[in-house]
Amino acid sequence: MAAGARIIHVDVMDGHFVPPITIGPLVANSIADQVHDAGGAIDVHLMIESPDRHIEEFAKAGADCITFHAEATPHINRTLNAVRELGCLSGLAINPATPVGAVGESIRDADVFLCMTVNPGWGGQPFIADSPDKVRRLGSVVGDGTIEVDGGIDPSTARSVAEAGAGLFVAGSAVFGSADPAAAYAAIAAAAGAS
């Protein structure tokens, strides 16, 4: 955050929607004060089945934005509105093989549209080459909606998805796998055109 990052992305996996199991509300809560005191926000990314069962716990844990997958629930609009009712921004994610039209009926209910640029579940995967085109197509569906990208984001891929219309960039391995995470973050931000 000292290097300029303002959003901390918290990946939550349940071992069902994606094979790995990761952190939950207790971990999000343990960093919430530190992130908020530094002027940042917590973006919780739920890669879980039945996300509506868990959004209240993450809102109480300090999430500022809660994103879930369109593929994880048949009640997308209800879950998006429930997130907003809890005082958080609502985000809708789609997997690489999910058509961009899957978000079409939810445009007014989502604040952020997350386009996965790898298949969700594991860090360090290679960026899917067709992702900039998908981001561009998603932009034509969501108009002025904020597009976030997640997976394989580094200085060499950030520029292409920024030019395609992405405005938020999630980078894990490229930052935390670096000997100098602050410099790695700065390189990605520069490649994405951040000022």
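Residues numbered from 1 in each chain as written. Predicted model: local features only at pLDDT ≥ 70, side-chain atom pairs only at ≥ 80, totals over all residues. Heavy atoms only, no water.

Colleague: Whenever I open this one, the sheet that holds strand E6 (residues 146–150) confuses me. Can you help?
Modeller: Note on sheets: strands pair through backbone hydrogen bonds, and any given pair is parallel or antiparallel. Strand order in the open sheet formed by seven strands is E1-E2-E3-E4-E5-E6-E7, and the pairing between neighbours is parallel. The open sheet is flanked by strand E1 (7–13) and strand E7 (168–170), the only strands paired with a single partner. Going from strand to strand, the sheet's axes swing by 25° on average, the running direction of each strand aside. Judged from the four bridges that link them, strand E2 (residues 41–47) and strand E3 (residues 65–69) form a sheet pairing that is parallel. From the neighbouring strand, Asp43 faces E3, where its bridge partner is Cys65. (Pairing = 2+ DSSP bridges. Helix = DSSP H or I, 4+ residues; strand = E, 2+ residues; numbered from the N terminus. Axes fitted to C-alpha atoms, helices over the stretch in contact; angles between N-to-C directions.)

Colleague: What is the right way to read the side chain of Asp43 from this model?
Modeller: With respect to the element layout, Asp43 can be found in strand E2. Look at Asp43: it is buried, it has no salt bridge, and the nearest opposite charge is Arg84 at 13 Å. Of the polar contacts made by the side chain of Asp43, one reaches the side chain of His9; its length is 2.9 Å. Residue contacts for Asp43: discarding those within four places in its chain leaves Ile7, Ile8, His9, Val10, Cys65, Thr67 and Glu148. (Buried < 20%, exposed > 50% of the residue type's maximum accessible area, 1.4 Å probe, protein only. Lys, Arg positive; Asp, Glu negative; His and termini not counted. Salt bridge = Lys/Arg side-chain N within 4 Å of Asp/Glu carboxyl O. Polar contact = N/O pair within 3.5 Å; in protein donor to acceptor, adjacent residues only side chain to side chain. Contact = heavy atoms within 4.5 Å.)

Colleague: Could you clarify how one ought to interpret the side chain of Asp14 in this entry?
Modeller: Among the secondary structure elements, Asp14 is positioned in the loop between E1 and helix H1 (25–37). Despite its burial, Asp14 pairs with no opposite charge; the closest candidate is Arg53, at 8.7 Å N-O. In terms of polar contacts, Asp14 uses its side chain to reach the backbone amide nitrogen of His16, at 2.8 Å. Here the side chain of Asp14 touches Phe17 through a polar contact of 2.8 Å, landing on its backbone nitrogen.

Colleague: Before we go on, may I ask you to explain the pairing of E1 in this structure?
Modeller: Along any regular strand, the residues point their side chains to alternate faces of the sheet. Here E1 pairs with E2 via seven bridges, running parallel. The residue of E2 that forms the bridge with Val10 is Val44. For the segment spanning E1, H1 and E2, crossover handedness is right-handed. (Right-handed = clockwise from strand over helix to strand, strands pointing away.)

Colleague: Sorry, what's going on with the packing of helix H5 (residues 155–164) against helix H7 (residues 181–191) here?
Modeller: Packed helices, taken two at a time, are described by the angle between their axes plus the distance between the axes. Two elements in contact, H5 and H7, have axes separated by 7 Å at closest approach and are oriented at 30°. Between H5 and H7, the interaxial angle falls into the category roughly parallel. The chirality of how H5 crosses H7 is right-handed. Of the residues in H7, those in contact with Pro155, Ala158 and Arg159 of H5 are Ala187, Ile188, Ala190 and Ala191. Partitioned by chemical class, the residues of the contact of H5 with H7 number six nonpolar, no polar and one charged. (Parallel < 35°, antiparallel > 145°, perpendicular 65-115°, else oblique. Left-handed = near helix turned anticlockwise from the far one by under 90°. Nonpolar A, V, L, I, M, F, W, Y, C, P; charged D, E, K, R; others polar.)

Colleague: I would appreciate a short explanation of the nonpolar core in the present structure.
Modeller: The nonpolar side chains of a soluble globular protein tend to be buried, and buried together. Formed by 44 residues in total, the largest nonpolar core has its most connected members in Val44, Leu46, Phe58, Ile66, Leu92, Val135 and Leu138. Per-element tally for this core: the top contributor is H5, with four residues. Sequence-distant contacts of Phe58, defined by excluding residues within four places in its chain, comprise Val12, Gly24, Pro25, Ala28, Val44, Leu46, Ala63 and Ile66. Ranked by size, the runner-up nonpolar core spans five residues in total, among them Met13, Phe17, Val18 and Ala72. (Core = buried A, V, L, I, M, F, W, Y, C linked by side-chain atoms within 4.5 Å.)

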